[in-house]
Amino acid sequence: MGRQHFYPVAALSFLRRDFESINRSFHPDIAAGTKLIFFNRQHGSLGGKTVAESADRLTDILRLAAGWERI
C-alpha cells in the first residue's frame with residue numbers, strides 16, 4: 001500500500017537474517033501473495049505446522065521454500 005512494506009506476522013518468529021534467508025530461497029518469479037500463502041498455511045513436511053510454528057527447523061523451511069509453487 002503506497003510505499004509502505006508489510007510483513008507476515010510469521011516474520012516475528014525468526015531472526016531477521018533467517019527470515020531474509022527464507023525469502024531468498026524462493027524462486028525469483030514467485031509473487032508476494034504466493035509467499036504469504038507459504039507463511040500462513042500448514043505444511044505436511046513440517047508435521048502439519050506453519051512455518052512460524054516450525055521456526056526451529058530452518059533447514060527444512062529453506063528447502064521447502066526453494067521448492068515452493070512457481071507461477
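Whatever comes next refers back to the structure up there.
Residues numbered from 1 in each chain as written. Predicted model: local features only at pLDDT ≥ 70, side-chain atom pairs only at ≥ 80, totals over all residues. Heavy atoms only, no water.

Caption draft 1: Region of interest: the packing of aromatic side chains. One pass over the structure, following the stated rule, counts 6 aromatic pairs. A centroid spacing of 6.5 Å and a plane angle of 35° characterise the contact between F14 and F19, whose relative ring orientation is tilted. In this pair, the class of F14 matches that of F19, namely buried. Of the aromatic side chains, those joined through ring pairs into one cluster are F14, F19, F26, F38, F39 and W68. (Phe/Tyr/Trp six-rings, centres within 6.5 Å; stacked < 30°, edge-to-face > 60°. Buried < 20%, exposed > 50% of the residue type's maximum accessible area, 1.4 Å probe, protein only.)

Caption draft 2: Here's a closer look at the pattern of salt bridges. Tallied over the full model, the rule gives 4 salt bridges. Linking R17 and D18 is a salt bridge whose minimum nitrogen-to-oxygen distance equals 3.9 Å. Overall, the relative accessible area of 57% leaves R17 in the exposed class. The class for D18 is buried, based on a relative accessible area of 18%. (Salt bridge = Lys/Arg side-chain N within 4 Å of Asp/Glu carboxyl O.)

Caption draft 3: Region of the structure containing the layout of surface pockets. The computed volume of the largest pocket comes to approximately 210 Å³. The wall of the largest pocket is formed by F6, Y7, P8, F19, N23, A32, K35, L36 and F39. Breaking the lining of the largest pocket down by element, the ones donating at least two residues are α1 (16–25) and α2 (32–40). Counting residues per element, the lining of the largest pocket draws most heavily on α2, which supplies 4 residues. In terms of residue class, the lining of the largest pocket is built from 7 nonpolar, 1 polar and 1 charged. (1 Å grid on protein atoms, 1.4 Å probe; cavity = no way out; pocket = protein on both sides within 12 Å on 5 of 7 lines; lining within 4 Å. Points joined across faces, edges and corners; volume = space filled by probe spheres on them. Helix = DSSP H or I, 4+ residues; strand = E, 2+ residues; numbered from the N terminus. Nonpolar A, V, L, I, M, F, W, Y, C, P; charged D, E, K, R; others polar.)

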